[in-house]
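A look at the structure
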Amino acid sequence: ILDSDDVLSLLRDAGGTSDAALARRWQWTISRWKNDGLRPGDIRPADDDEQVALRIWERYAERLAAYQAVDFD
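Reference entry: report on the structure contained in this document. (Residues numbered from 1 in each chain as written. Predicted model: local features only at pLDDT ≥ 70, side-chain atom pairs only at ≥ 80, totals over all residues. Heavy atoms only, no water.)

Description of the packing of helix H1 (residues 4-15) against helix H3 (residues 48-67)
Quick reminder of the rule: Angular values range over 0 to 180 degrees, each being the angle between N-to-C directions of two axes fitted as lines to C-alpha atoms, with helices fitted over their stretch in contact. Only DSSP runs of H or I with at least four residues qualify as helices, and only runs of E with at least two residues qualify as strands; both kinds are numbered from the N terminus onward. Here roughly perpendicular refers to angles of 65 to 115 degrees, roughly parallel to angles under 35, roughly antiparallel to angles over 145, and oblique to all remaining angles. Left-handed describes a crossing whose near helix is turned anticlockwise from the far helix by less than a right angle; the clockwise case is right-handed. Contacts: residue pairs with any heavy atoms within 4.5 Å of one another.
Viewed as axis vectors pointing N to C, H1 and H3 meet at an angle of 120°, and their least axial separation amounts to 9 Å. Of the possible angle classes, the one that applies to H1 and H3 is oblique. Classified by chirality, the crossing of H3 by H1 is right-handed. Between H1, through Val7, Leu10, Leu11, Asp13, Ala14 and Gly15, and H3, the contact on the second element is made entirely by Ile56, Arg59, Tyr60, Arg63, Leu64 and Tyr67.

Digging into the nonpolar core
Stated formally: Throughout this description, the term nonpolar core refers to a set of buried Ala, Val, Leu, Ile, Met, Phe, Trp, Tyr and Cys residues connected via side-chain atoms within 4.5 Å. Burial classes follow relative accessibility: with a 1.4 Å probe on protein chains only, a residue under 20% of its type's maximum area counts as buried, one over 50% as exposed, and anything between as partly exposed.
Residues Leu2, Leu11, Trp33, Trp57, Tyr60 and Leu64 are the most contacted members of the largest nonpolar core, which totals 18 residues. Looking at this core, the elements with two or more residues in it are H1, helix H2 (20-35) and H3. No other element matches the six residues that H3 contributes to this core. With residues up to four places along the chain from it excluded, the contact list for tryptophan 57 reads Ile30, Trp33, Lys34, Leu38, Arg39, Pro40 and Ile43.

Shown next as structure tokens:
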């Protein structure tokens, strides 16, 4: 089980950024979607930010599977 620091690290890696604030925004968006019971295929992005978050979520999910890990959401 990944803690929040591990999640941010994977999100930064998935998004190709070192910006923790940006990765945190992706984390909040992805967390909201997960808590709403949505999966990547269910999402219809409302704007460009959500479109990016969706792509990051897909890459993040691949990394979770590769590490055989889960997060708290």
